[in-house]
Amino acid sequence: MTRYLGGRVHGQVLDSACWWSSDFGTSYTKLTLQPGVTTVIDNFYICPTNKRKIVLVSSSLSDRDQSLFLSTDEGATFQKQLIPFSVETLIFHPKEEDKVLAYTKENKLYVSSDLGKKWTLLQERVTKDHMFWSVSGVDADPDLVHMEAQDVRGGFRYVTCQIHNCSEKTLTAPFPGPIDHGSLTVQDDYIFFKATSTNQTKYYISYRRSEFVLMKLPKYALPKDLQIISTDENQVFVAVQEWYQMDTYNLYQSDPRGVRYSLVLEDVRSSRQAEESVVIDILEVRGVKGVFLANQKTNGKVVTLITYNKGRDWDHLRPPSTDMNGKPTNCEPPDCHLHLHLRWADNPYVSGTVHTKDTVPGLIMGAGNLGSQLVEYKEEMYITSDCGHTWRQVFEEEHHVLYLDHGGVIAAIKDTSIPLKILKFSVDEGLTWSTHNFTSTSVFVDGLLSEPGDETLVMTVFGHISFRSDWELVKVDFRPSFSRQCSEDDYGSWDLTDLKGDRCIMGQQRSFRKRKSTSWCIKGRSFTSALESRVCRCRESDFLCDYGFERSPSSESDANKCFANFWFNPLSPPDDCVLGQTYTSSLGYRKVVSNVCEGGVDPRQSPAQLQCPLTPPRGLQISIRGEAVAVRPGEDVLFTVRQEQGDVLTTKYQVDLGDGFKAVYVNLTLTEEPIRHRYESPGVYRVSVRAENVAGHDEAVLFIHVNSPLQALHLEVVPVVGINQEVNLTAVLLPLNPNLTVFYWWIGRSLQPLLSLENSVTTRFADTGDVRVTVQAACGNSVLQDSKVVRVLDQFQVVPLRFSKDLDAHNPNTPEWREDVGLVVTRLLSKETSVPEELLVTVVKPGLPTLADLHVLPPPPTPTRKRSLTSDKRLMAIQQVLKAQKISFLLRGGVRVLVSMRDTDTGEGLGGTGGYWAVAVLLVIGLFAVGAFILYKFKRKRPGRTVYAQMHNEKEQEMTSPVSHSQGVQSVIQGNHSGVVLSINSREMHSYLVS
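Reading guide: rules and limits
Residues numbered from 1 in each chain as written. Predicted model: local features only at pLDDT ≥ 70, side-chain atom pairs only at ≥ 80, totals over all residues. Heavy atoms only, no water. UniProt positions renumbered as here; feature names shortened; annotations may be inferred. Helix = DSSP H or I, 4+ residues; strand = E, 2+ residues; numbered from the N terminus. Contact = heavy atoms within 4.5 Å. Areas by Shrake-Rupley, 256 points an atom, 1.4 Å probe, with all protein chains shown as cover. Pairing = 2+ DSSP bridges. Axes fitted to C-alpha atoms, helices over the stretch in contact; angles between N-to-C directions. Core = buried A, V, L, I, M, F, W, Y, C linked by side-chain atoms within 4.5 Å. Buried < 20%, exposed > 50% of the residue type's maximum accessible area, 1.4 Å probe, protein only. Disulfide = S-S within 2.5 Å. Phe/Tyr/Trp six-rings, centres within 6.5 Å; stacked < 30°, edge-to-face > 60°. Lys NZ or Arg CZ within 6 Å of the ring centre and 35° of its normal.

Per an unreviewed UniProt entry, the recorded name for the protein is VPS10 domain-containing receptor SorCS2, and the organism is Canis lupus dingo. Check the Sequence similarities (unreviewed entry) section of the UniProt entry for the protein; it says "Belongs to the VPS10-related sortilin family. SORCS subfamily."

The next point concerns the overall build of the protein. Along the backbone of the protein there are five helices and 75 strands. At a minimum sequence separation of 6, the contacts of the protein that also span at least 24 residues come to 52%. When the accessible surface of the protein is summed, it comes to about 49800 Å², and 50% of that surface belongs to carbon and sulfur atoms.

One open sheet holds the three strands; their spatial order is S13-S14-S15, and the pairing between them is antiparallel. Edge positions in the sheet fall to strand S13 (126-133) and strand S15 (156-162), since each has one partner strand and no second. On average, each strand axis in the sheet is inclined to that of its neighbour by 20°, with strand direction left out of account. As paired elements, strand S14 (residues 144-150) and S15 share seven bridges and run antiparallel to each other. Paired with histidine 146 across the strands is threonine 160, a residue of S15.

Right, let's talk about the nonpolar core for a bit. If you look at the biggest cluster of nonpolar residues, it comprises 27 residues, and the most contacted ones within it are Leu293, Tyr308, Leu340 and Leu496. Elements with a contribution of two residues or more to this core: strand S29 (337-340) and strand S31 (364-371). Beyond its immediate chain neighbours, meaning those up to four positions away, tyrosine 308 contacts Gly290, Val291, Asp313, Cys387, Gly388, His389, Leu496, Thr497, Asp498, Leu499, Ile505 and Met506. Val825, Leu839, Val881 and Leu891 belong to the second-largest nonpolar core, a separate cluster that totals 26 residues.

Using the criterion set out here, one finds seven disulfides in the structure. The disulfide partner of cysteine 161 is cysteine 166, and the gap between their sulfur atoms is 2.1 Å. Between cysteine 161 and cysteine 166, the S-S torsion sits near -90°, and that sign places the bridge as left-handed. Between the sulfur atoms of cysteine 538 and its disulfide mate cysteine 597 the distance is 2.1 Å. Handedness of the cysteine 538-cysteine 597 disulfide follows from its S-S torsion of about 95°: it is right-handed. In this pair, cysteine 538 is assigned in strand S44 (residues 537-538) and cysteine 597 in the loop between strand S49 (589-591) and strand S50 (598-600), connecting sequence segments 59 residues apart. In this structure cysteine 538 comes out as buried when scored by relative accessible area, which is 7%.

Moving on, we come to the packing of aromatic side chains. Summed over the entire model, instances satisfying the criterion amount to 26 aromatic pairs. Taken together, the ring pairs connect Tyr158, Phe175, Phe193, Tyr204 and Phe212 into an aromatic cluster. A cation sits over an aromatic face here: arginine 513 above tyrosine 491, 5.7 Å from the ring centre. A cation over a ring is seen here: lysine 523 above phenylalanine 527, with NZ or CZ 4.9 Å from the ring centre.

Right, dumping it as structure tokens:
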């Protein structure tokens, strides 16, 4: 009995109903899963080993959790089972029908051993699409699960566990290190993954669960990407995008263990699909082992090639001499060939652009064109029934194809976006075609169905009449067209040959059974296509170049000759060569895997048997488990030592961990046991390993940073500076970590940072405006950032300040404390002088004694005047309140701190030596006279102008008024484009100058 389940196509739910049929789609019965409840079928799964067992994944408005509906009678009845998780996908066991894995939308993996009735959590943080059941005949335990899971540190690892005993304690890690996310693949005899460290990606393989080893590609392939193409017949086909390639890959095939790879085809076209997946234009022809189609892109042109011996030789497709109408194609090699599109269909219910099938050997149908290259918009349909030896055109447009009864009937429907009601079919392998109206009303065709795994003559066309309508399912039954079963007299035979007519392919001559075009009969389920095979004697074409060798391109006579690459020494012993054993040096050839030829020519014969020498250690490496080179004090560090080449049994390893720990090990790289150590003090430690035996030595060095994580970072910079004035930028870091921290400085809009090991740098600003300064401190894995805005002005004034000595005892010398003191001083000055707070900036300097600078900023410019007396009045008011001791604030315990102006040279208040005062008085008198003269000369011509007496000096200077100390003025630093400028201001001088 056969049942068809409806309710889903393209992954889209069309309605909430589920329908089934037991008569090949003649009639359908609606399944009522929950009477009175609207149930939406999200997905359904059929057990591959027992099609009577079906699992529906559903959700309903009344259930908070998802539900499973389980059937053991091919959908006749269902049992509802609530589950406490949301299913992303289900995976049946390949052999045991009741065991199922469930991957959830929360990245958790569950297992059931009773077809979904009870579930057990296996593992959390599992990578989607990277969990695998055990492989029969390879894994010893059928209940083993392979998976890629994320660890607590965020890295990804390859782990396995047994479904009945899976916990963090019972997890097994077949590979000790981290692997790249989304790289684990378990396929047939092989396990693949890649691991990236220090910007270098390495590809690993395990053959039949043996130890993981590096995949050996040619030394300078330098792959950017690697895709697994095939693992059939004890061999791996991989597509490698090498360092120089952009949209092409090179095709390599391996030895039986999947370790050593040889080039078989260059520049195979590739394309990017959804979710960044890569599609390689290569297709394995099903039904005949060893046959592949590939699209090669060279010089911008794409051409289709075919191989009959697993890539050892490639040829262009031979074009037909006439088209479908019998007219000459005028396509003659070598300028014109047949080219095919090798795309997969996004819709699982229709064929791709090339259709082959295991039960129909030699029958290939594909879309493409004739010409010098493949043309994207041309999709004429071509067919071959002798595995590519001869081709015929059958349609002018692309069609979806379905093979029925071992290819006894080929059904085809045009691939179009318009509604159809006609299908075409052929009963003579595409020689002639008939049409059939499968429906009276045209439908938009969504797909074609036949019973999976059965070679019937019944198919179903499903689609919709309009985009808003439900499904339209139409059964097409070809059985009435055939009145009987085929007998032996209804069959002929055809011989497999390559394009040169050679019958010895993969070491044997093969013949296949085919139905005669005049026989109208049913082949049936018991039909077998293979007729007979005969082993051939070996020839040079049965061998390809071994690892490290390439085919000679020089001449036709040397076409089968292999020569060693410049980087490869055939006499070098293999990496696993052990002293006392022997090895065979390659002569450059190896037999094509699965080639069964016997006797004849063998270019491998009489290879030299060589003794494994004692080899010196080479490729010594030391690393930290987890690939980090920065750790915290007191943290356990696991050092791993690896050796790529050389003897390991007689080698001693001297280990120096840099903090006084030294030891000598044997078999260190053989056991792969890590060295556990702990550093107590911060610093940079030089870790070294010296491997030595009688033949030589090698050494590896690693510098490890031991430091505490950064806790705080504060950028200290004067908030107001003058143009071209040297400015110090200081990063205050906690903890200090001297010589272990790298500072990155971004100034303004520059994207290129300045780097320093010191926590301060100096700079200058050439233009006025606000400039953002950002600093990052990086120490190991810890990174902190702080940012400040510096205002660059062409003019401003600075008043040096000091505090009473009581403040020093309460100064913790932290940036936050200095900012708070500066804010309170600014607030008090603004309150006492009525100067807007935004025009005052008080910067407290680091260290003791506690000092500060008050920056008096100019007011915003007005359109009526460029300069006013406001700045002088503000400065006078500030001096008066400071002199009058009106600025003070309280500390803890009632201690009052007084703020006053300080002497800019000595750091003291008023007072100094007599000689300094005498010089200062003379200087002021001279400046006073000059100022009076200038005012007298120009006052009437330019009324209202404020005149300043200015003097340039590289150092801050102290100046004294010519009047008594009771009326003395304090020196004020004024910044402009020329540097430090002194402005002399006293009550008498000011009144005289502006009177």
